[in-house]
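Understanding the architecture of this molecule
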Amino acid sequence: MALIVQKYGGTSVANIDKLHNVASRVVAAKEKGNEVVVVLSAMAGETDRLIQLALSASDNPMDREYDALISTGEQVTVTLLTMILNKMGYKAKSFLGHQVKILTDKAHTKARIISIDTEKTLDELRKGHIVVVAGFQGADHEGNITTLGRGGSDTSAVAIAAALKADYCEIFTDVNGVYTTDPNIYDKAKKLRKISYEEMLELASAGAKVLQQRSVELAKIYEVPVYVRSSFTNDGGTLVTKEDKDMEKEVVSGVTYDRDQAKITVVHVPDKPGIAARLFTPLSDQNIVVDMIIQNASVDAFTDLTFTVPRKDIRQCQTILHKVAEEIGAERLEFDENISKVSIVGVGMKSHAGVASRMFAALANEGINILMISTSEIKISCVIESKYTELAVRVLHDAFGLEQKI
Ligand code: ADP
Ligand code: ASP
Ligand code: MG
């Protein structure tokens, strides 16, 4: 007998038929003698609909009300699934985030989980109940409802698995596992049987939506085995786990893209100590994550600073930076939303030379101009014009022979 956390994403719970399919999978796990906690997303498209509804009520809704609204999609799916399970003769109960004591910080729309009190859930499991929890949400110290960022149900599931010391966490989605690149973009993408936490973290941070980045961070810290599987097939899926020796042989194991970034250039700023801090501190105070940063070589004690931020934060950045730019004597600000980031990821990069030059040559052969570059130990990312995104993904996948992977 094992304790399992199963998470089902938006397409897996998109209507009553699909919820019946989820119910039969949950029941199968329960019938094998396991204790089962189920975490659900909202029906596909529902969170987007709620966001549009909020923006039609006010162009600048209060964070507190906004989170309370956009978290409601999950309340619909958890209650419906529980009703179906009950009707099938199984003891099941649904819970919202705050009811199973998912405590978060106050950062509305991108809250981080501080703690989960497992007593309630363990008590229900001991009574033989299937516990069905609304993903994507928690509450802060004052009881205000918070949400965990788009795709946050993955993080709810892994956090609950870690807190309960579950044997493993299964993420059920609309693809058979983690692939060498998004299988919906390139049909030559190959499914990976296993991937290390480190590589998955880099893929997720580089835009592979199959797992939310924060969920992988938690899985790595608490060593939660995570299986990414399809809720529509019986494929074994992909195991996200600790790095092993075989994995090191792979130079590049995945190509990914991120269309949700925007580029900001602060033109002609005085090159003197303290300028970067003046620019970036007000952004981090608002929880805006700055990703890539480039500073040009200084000419006549002036320089240009270019960086990327999530596209959804661009309006807020404009407001903040116009003020700062004036204060620090910058000539002007430039905003570019027609960019995307393509990245290659692989633990083998640590020990192989020439990976970056192969990437740059592959892009150059297609006439794709590189606007920014950043590297980590196991990832190289390039910012390019967004119209080239799919082409770039395909040429990089080919350049590193990823269709040969098994
Ligand atoms: P869910 O609603 O189940 O959470 P998501 O849409 O968040 O599903 O994530 C699954 C999607 O992730 C897939 O449909 C696929 O388009 C995308 N994806 C991006 N990169 C990858 C990858 N490397 N492997 C698998 N899927 C990927
Ligand atoms: N429903 C939320 C979203 O669409 C959370 C999730 O699906 O994981 O982002
Ligand atoms: Mg998702």
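Refer to the preceding data block for the structure.
The sections below set out a description of the structure shown in this document. Note that the coordinates shown come from a computational prediction; the quantities given were computed from them, not determined experimentally.

Considerations on the site of ligand 1
- Close to ligand 1 lie 16 residues; T173, D174, Y179, D182 and N184 are nearest.
- At 2.7 Å from an oxygen atom of ligand 1 is found a side-chain nitrogen or oxygen belonging to T173.
- In isolation ligand 1 offers 580 Å² of accessible surface; the protein chains occlude 83% of this area.
- When its residues are assigned to classes, the shell around ligand 1 shows six nonpolar, six polar and four charged.

What about the site of ligand 2?
- Near ligand 2, the surroundings consist of S41, A42, T47, E74, F136, R150, G151, G152 and S153.
- Note that a nitrogen atom of ligand 2 is positioned 2.7 Å from one of the side-chain N or O atoms of E74.
- The contact in question runs from an oxygen atom of ligand 2 to an N or O atom on the backbone of S153, over 3.0 Å.

Notes on the packing of aromatic side chains
- For the structure shown, the criterion picks out three aromatic pairs.
- Ring geometry for F280 against F307: centres 4.9 Å apart, planes inclined by 80°, an arrangement best described as edge-to-face. Of this pair, F280 sits in helix α9 (residues 275-285) while F307 is found in strand β16 (residues 302-310), placing the two residues 27 residues apart along the sequence. Comparing F280 with F307 shows no difference in burial state: the two are buried.
- Sitting over the ring of Y227, R229 keeps its end group 4.5 Å from the ring centre.

With respect to the pairing of strand β19 (residues 372-376)
- Here β19 pairs with strand β20 (residues 379-385) via five bridges, running antiparallel. Following the sheet pairing, S374 is matched in β20 by S381.
- The hairpin turn running from β19 into β20, its antiparallel successor, is two residues long.

A few points about the sheet that holds strand β14 (residues 261-270)
- Taking strand neighbours across the sheet as the criterion, the four strands line up as β15-β16-β14-β17 in an open arrangement whose pairing is antiparallel. Here the strands that pair on one side only, and so sit at the sheet edges, are β15 (293-295) and β17 (332-336). Neighbour-to-neighbour, the strand axes of the sheet open up by a mean angle of 15°, direction not taken into account.
- Here five bridges tie β14 to β17, and the two strands are oriented antiparallel to one another. Each bridged residue has a counterpart across the sheet, and for K263 the counterpart in β17 is D336.
- Along the sheet, α9 contacts β14, β15 and β16; its crossing angle with β16, the most-contacted strand, is approximately 20°.

Observations regarding the pattern of salt bridges
- All chains considered together, the criterion is met by 27 salt bridges.
- Its salt-bridge partner being R229, residue E170 comes within 2.2 Å of it at the nearest N-O pair. Within this pair, whereas E170 is found in strand β9 (residues 168-173), its partner R229 is found in strand β11 (residues 226-230), the two being separated by 59 residues in sequence.
- Here D291 ties to K341 by a salt bridge, and the two come within 2.5 Å at their closest N and O atoms.

So, how was this worked out
- Residues numbered from 1 in each chain as written.
- Chains lettered and ligands numbered in written order.
- Predicted model: local features only at pLDDT ≥ 70, side-chain atom pairs only at ≥ 80, totals over all residues.
- Heavy atoms only, no water.
- Near = heavy atom within 4 Å.
- Polar contact = N/O pair within 3.5 Å; in protein donor to acceptor, adjacent residues only side chain to side chain.
- Areas by Shrake-Rupley, 256 points an atom, 1.4 Å probe, with all protein chains shown as cover.
- Nonpolar A, V, L, I, M, F, W, Y, C, P; charged D, E, K, R; others polar.
- Phe/Tyr/Trp six-rings, centres within 6.5 Å; stacked < 30°, edge-to-face > 60°.
- Helix = DSSP H or I, 4+ residues; strand = E, 2+ residues; numbered from the N terminus.
- Buried < 20%, exposed > 50% of the residue type's maximum accessible area, 1.4 Å probe, protein only.
- Lys NZ or Arg CZ within 6 Å of the ring centre and 35° of its normal.
- Pairing = 2+ DSSP bridges.
- Axes fitted to C-alpha atoms, helices over the stretch in contact; angles between N-to-C directions.
- Contact = heavy atoms within 4.5 Å.
- Salt bridge = Lys/Arg side-chain N within 4 Å of Asp/Glu carboxyl O.

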